[in-house]
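Coordinates in review
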Amino acid sequence: MTSFEYKDIGINIKVKPHVHAEGAVTLEMDLEITSLGGTGFANIPIITTRKVKNILRLKDGETNLLAGLLRDEERKSLKGIPGIHSLPILGRLFDYEDTTLDQTDVILTVTPYIIRKVPVTAEDGKPIWVDIDESAAAAGGEEGVDEEALAEEQPIPERRLPGAGRDRGDQGGVNQVMFSPGNFELPKGRDFRITVSLRSSEAVGNFSMTVNFNSQIMKLKDVTEGAILSQGSQPVPFLQNIDNGSGVCTIGFTSPNMTHGLQGSGPLAILSFQALSPGEGQVTASGVSANGPSGKSLAFEVRGARVVVR
């Protein structure tokens, strides 16, 4: 008994979008292309399948090109004079082999559009306080908890960044955000870089700040993630949003582990500027907001930089 099953062939795309607060969209794409690849036993069609999975992060309205889904087909057929080419030995003189090569490719363009954004208010940006000490005390009073085992349990160490053991800030120093070099003088039209360094004597769970600069004399072209966030086994989410019209840029990060913080000192971001016109301006930070893993608010001092364009 022979049974048949109908299948749809063609291009099947599954997209799972994730909309971020800064206006970017992450697309989890599952692309499947099916087509007829010939026939098999009893003229049953053969279905060929090509699959690709990819994750894209695009801005609202940004277009990305997907290509490379190549398929090569080689077909060989024996042709000759009917009747004669089937004769043994002699038939080989009256037939020939025809080879056909076909190559196909599928090219797609993907452009996400954010139709509606979730409104974010100042209330949403406030930290949530979680008292770990009270939670641990409540857990210790429950039945079935081995208090001796809890006493022997070792605390999880905080994640420390490069230079954490050599910085005096680890011994109770002041948390700082520093822009270097502190003084910069250059001619009009030149590109220059300013490094934003972070020094923290306490574990930082999340951090954000607004970089202020004079947009009349300089233009912020790019923001690169600093080496302080690239250490460790897990990547640290990094936020950057440039607004040259207002002369501000928002940067920040969040620890990938809610129970661990980032601690130490090192470059947080590299700011790439272009000198537009003569003048003098400051590159500094405002609205610095930082919290520890437990929700404790952390204070930071800011040391800005002076830029002179000749």
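The model shown is predicted, which means the values in this text are computed figures rather than measured ones. (Residues numbered from 1 in each chain as written. Predicted model: local features only at pLDDT ≥ 70, side-chain atom pairs only at ≥ 80, totals over all residues. Heavy atoms only, no water.)

1. Overview of the environment of G205
Within the element layout of this structure, G205 appears in the loop between β11 (191-204) and β12 (206-212). Not counting chain neighbours up to four residues away, the residues in contact with G205 comprise T254, S255, N291, G292 and P293. (Helix = DSSP H or I, 4+ residues; strand = E, 2+ residues; numbered from the N terminus. Contact = heavy atoms within 4.5 Å.)

2. Side note on a nonpolar patch on the surface
Residues I9, L36 and I47 make up a contiguous nonpolar surface patch of roughly 260 Å² in combined accessible area. Assignment of secondary structure puts L36 in strand β2 (residues 24-39). (Patch = residues over 30% accessible without salt bridge, like charges linked within 9 Å, V, L, I, M, F, W, Y side chains within 5 Å. Areas by Shrake-Rupley, 256 points an atom, 1.4 Å probe, with all protein chains shown as cover. Salt bridge = Lys/Arg side-chain N within 4 Å of Asp/Glu carboxyl O.)

3. Focus: unusual backbone geometry
With an omega dihedral of 0°, the bond running from S180 to P181 counts as a cis peptide bond. Relative to the helices and strands, P181 resides in the loop between β9 (176-180) and β10 (183-186).

4. Details of the pairing of strand β15 (residues 248-254)
Here β12 runs beside β15; their pairing, made up of seven bridges, is antiparallel. Opposite M209, over in β15, you have I251 as the bridge partner. Sheet topology places strand β14 (residues 238-243) next to β15; six bridges connect them, and they run antiparallel. Note on β15: the bridge partner recorded for D243 is V248. Taken together, β14 and the strand that follows it, β15, pair antiparallel across an intervening segment of four residues, in which G247 is found at a positive phi of about 70°. (Pairing = 2+ DSSP bridges.)

5. Here we look at the nonpolar core
Counting residues in each nonpolar core, the largest one holds 36 residues, and the members touching the most others are F179, F207, M209, F253, L271, F273 and V283. Those elements giving two or more residues to this core turn out to be β9, β11, β12, β13 (218-225), β15, β16 (262-275), β17 (279-291) and β20 (305-309). The greatest single-element share of this core, amounting to six residues, is contributed by β16. Core analysis: the second largest hydrophobic core is formed by 12 residues, V25, M29, L108 and I114 among them. (Core = buried A, V, L, I, M, F, W, Y, C linked by side-chain atoms within 4.5 Å. Buried < 20%, exposed > 50% of the residue type's maximum accessible area, 1.4 Å probe, protein only.)

Remember that the coordinates give geometry; whether it matters functionally is a separate question.
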